[in-house]
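# Structure at a glance
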Amino acid sequence: MYRIVKKRNLNPSVTLMSVKAPLVAAKAQPGQFIILRADETGERIPLTIADYDCGSGTVTIIFQIVGATTKLLSQKKEGDFLADFVGPLGSASHLEGLEKVAVVGGGVGCAIAYPTAKALFHKGAQVDVIVGFRSKDLIILEDEFKKASTRYFCTTDDGSNGVKGFVSDVLKSLIEGGGKYDAVVAIGPLIMMKVVSEVTRPYQIKTVVSMNPIMIDGTGMCGGCRVTVGGETKFACVDGPEFDGHLVDFDEAMRRGKMYAEREKEKLAEMNCRLMKGAR
Ligand code: FAD
Ligand code: FES
Ligand code: MG
């Protein structure tokens, strides 16, 4: 059992949790993830390691409530326990030799982008962080990103904070203005990563994206997380989750991501019912 030592709501639908998991904290690296079960009958869900502290033996996760399991997880309190917390899984980010990088995050993807920005910045790289949210109320990790970047740009779709528009617009104008990057790291919705990859393609800037297909075992055995990269089948849980954005088949990934939408809706309705009965 894994104790929740800290819980903080970052916005109405995004929660940060630190979990006591010393063995995971001791081995964790940016880019890796864990798979947890909230309780003994729960399903397994993958979440990125947003931060870790070997001293206190804690691992931080940041998750958005999108369905039944994340809803159940969000109901847990400090001092409660999680049934399973397995990791670190996946390949770590390859950050060697990168001196000037743009880290682009969209929505809750910022939670996944943050450890990468922090690691690069602490290695002495120049890091431009470009984050995007639908509106001001949904902004997360602003102070953390400011401390882990050379320049910080925030966009909102509705213009309620920072630049009105998309992260890809800001990236494009920085590149067109002469910004030279060794790499662009883009993490967020598939459509955002696809557009960012198209922005950088004509400039041949190495572009790394983080793929989040449905995962079950997280160890390369079930095949559920397959993605097509450069015409080859890859398993995101072991070969990734980070891949070359110029080679990823995003359209296939978007189709596969929607495969269980109906069942996911039903499960969320069941969970809401269960929680309402529990509250009565
Ligand atoms: P559901 O209603 O079951 O599903 C909603 C959507 O979530 C689905 O349409 C699907 O796109 C996705 N999803 C559902 N089950 C899985 C699964 N087993 N594996 C992967 N995706 C699934 N989310 C965060 O908020 N923060 C993170 O740091 C984060 N890191 C991730 C890292 C990896 C490597 C992967 C693969 C996914 C990550 N996700 C992250 C997505 C997260 O796993 C899903 O949001 C979560 O599983 C949804 O579960 P649910 O039951 O609440 O929603
Ligand atoms: Fe099963 Fe990747 S989650 S192979
Ligand atoms: Mg689910």
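Below, the structure is looked at part by part. (Residues numbered from 1 in each chain as written. Chains lettered and ligands numbered in written order. Predicted model: local features only at pLDDT ≥ 70, side-chain atom pairs only at ≥ 80, totals over all residues. Heavy atoms only, no water.)

Bringing the overall build of the protein chain into the picture now. Of regular secondary structure, the protein chain possesses nine helices and 17 strands. Since a compact globule built from 280 residues should have a radius of gyration of about 19 Å, the 18 Å found for the protein chain is in line with a globular shape. Its C-alpha atoms give the protein chain principal-axis dimensions of about 60 × 40 × 40 Å. Taken over 280 residues, the protein chain has a buried fraction of 49%. Across the protein chain, contacts joining residues at least 24 apart in sequence account for 63% of those joining residues at least 6 apart. When the accessible surface of the protein chain is totalled, it reaches about 13,700 Å², and 52% of it is carbon and sulfur. Charged side chains in the protein chain number 36 positive and 33 negative. The centres of these two groups are separated by 4 Å. (Helix = DSSP H or I, 4+ residues; strand = E, 2+ residues; numbered from the N terminus. Rg over C-alpha atoms; globule rule 2.2 N^0.38 Å. Buried < 20%, exposed > 50% of the residue type's maximum accessible area, 1.4 Å probe, protein only. Contact = heavy atoms within 4.5 Å. Areas by Shrake-Rupley, 256 points an atom, 1.4 Å probe, with all protein chains shown as cover. Lys, Arg positive; Asp, Glu negative; His and termini not counted. Charge placed at Lys NZ, Arg CZ, Asp CG, Glu CD.)

This paragraph deals with the side chain of threonine 156. Mapped onto the secondary structure, threonine 156 falls in strand 11 (residues 151-156). You can call threonine 156 buried: its relative accessible area is 0%. Of note is the side chain of threonine 156, whose polar atom sits 2.7 Å from the backbone oxygen of asparagine 161. (Polar contact = N/O pair within 3.5 Å; in protein donor to acceptor, adjacent residues only side chain to side chain.)

Once that is clear, we can look at the packing of aromatic side chains. Under the defined criterion, the tally for this structure stands at two aromatic pairs. Between tyrosine 2 and phenylalanine 85, the aromatic rings sit 5.9 Å apart at their centres with planes inclined by 35°, giving tilted as the arrangement. Here tyrosine 2 is found in strand 1 (residues 2-11), whereas its partner phenylalanine 85 is found in strand 8 (residues 84-89), with 83 residues between them in sequence. Relative accessible area serves as the criterion here: at 26%, tyrosine 2 is assigned to the partly exposed category. On the basis of relative accessible area, phenylalanine 85 is assigned to the buried category, the value being 2%. Where tyrosine 114 meets phenylalanine 145, the ring centres are 5.6 Å apart and the plane angle is 90°; that geometry is what we call edge-to-face. With tyrosine 114 in helix 3 (residues 109-122) and phenylalanine 145 in helix 4 (residues 142-147), this pair connects stretches of sequence that are 31 residues apart. For the residue pair tyrosine 114 and phenylalanine 145, the accessibility class agrees, reading buried in each case. (Phe/Tyr/Trp six-rings, centres within 6.5 Å; stacked < 30°, edge-to-face > 60°.)

Further remarks concern the site of ligand 1. Within the structure, ligand 1 sits among 23 residues, and Pro46, Ile62, Gln64, Thr70 and Met215 are positioned closest to it. A distance of 3.0 Å is found between an oxygen atom of ligand 1 and a backbone nitrogen or oxygen belonging to threonine 69. When residues of the shell around ligand 1 are traced back to their parent elements, those giving at least two are strand 4 (45-48), strand 6 (58-64) and helix 2 (68-74). A breakdown of the residues in the shell around ligand 1 according to their chemical character gives 13 nonpolar, seven polar and three charged. (Near = heavy atom within 4 Å. Nonpolar A, V, L, I, M, F, W, Y, C, P; charged D, E, K, R; others polar.)

Further remarks concern the sheet that holds strand 3 (residues 33-37). Reading across from one edge, 4-3-8 is the order of the three strands in this open sheet, with antiparallel pairing throughout. In this open sheet, the two edge strands, each paired with only one partner strand, are strand 4 and strand 8. Averaged over all adjacent pairs, the angle separating strand axes in this sheet is 25°, with direction ignored. (Pairing = 2+ DSSP bridges. Axes fitted to C-alpha atoms, helices over the stretch in contact; angles between N-to-C directions.)

For side chains bearing opposite charge, pairing can occur when the charged atoms are close. Taken as a whole and judged by the stated rule, the model has nine salt bridges. Across the pair glutamate 142 and lysine 146 runs a salt bridge whose closest N-O atoms are separated by 3.2 Å. In this pair, glutamate 142 and lysine 146 are both assigned in helix 4, four residues apart and thus about one turn of the helix distant. Owing to a relative accessible area of 29%, glutamate 142 belongs among the partly exposed residues under this scheme. Glutamate 176 is the partner of lysine 172 in a salt bridge, and the nearest nitrogen-oxygen pair spans 3.7 Å. Here glutamate 176 and lysine 172 lie together in helix 5 (residues 167-176), a separation of four residues that amounts to about one turn. (Salt bridge = Lys/Arg side-chain N within 4 Å of Asp/Glu carboxyl O.)

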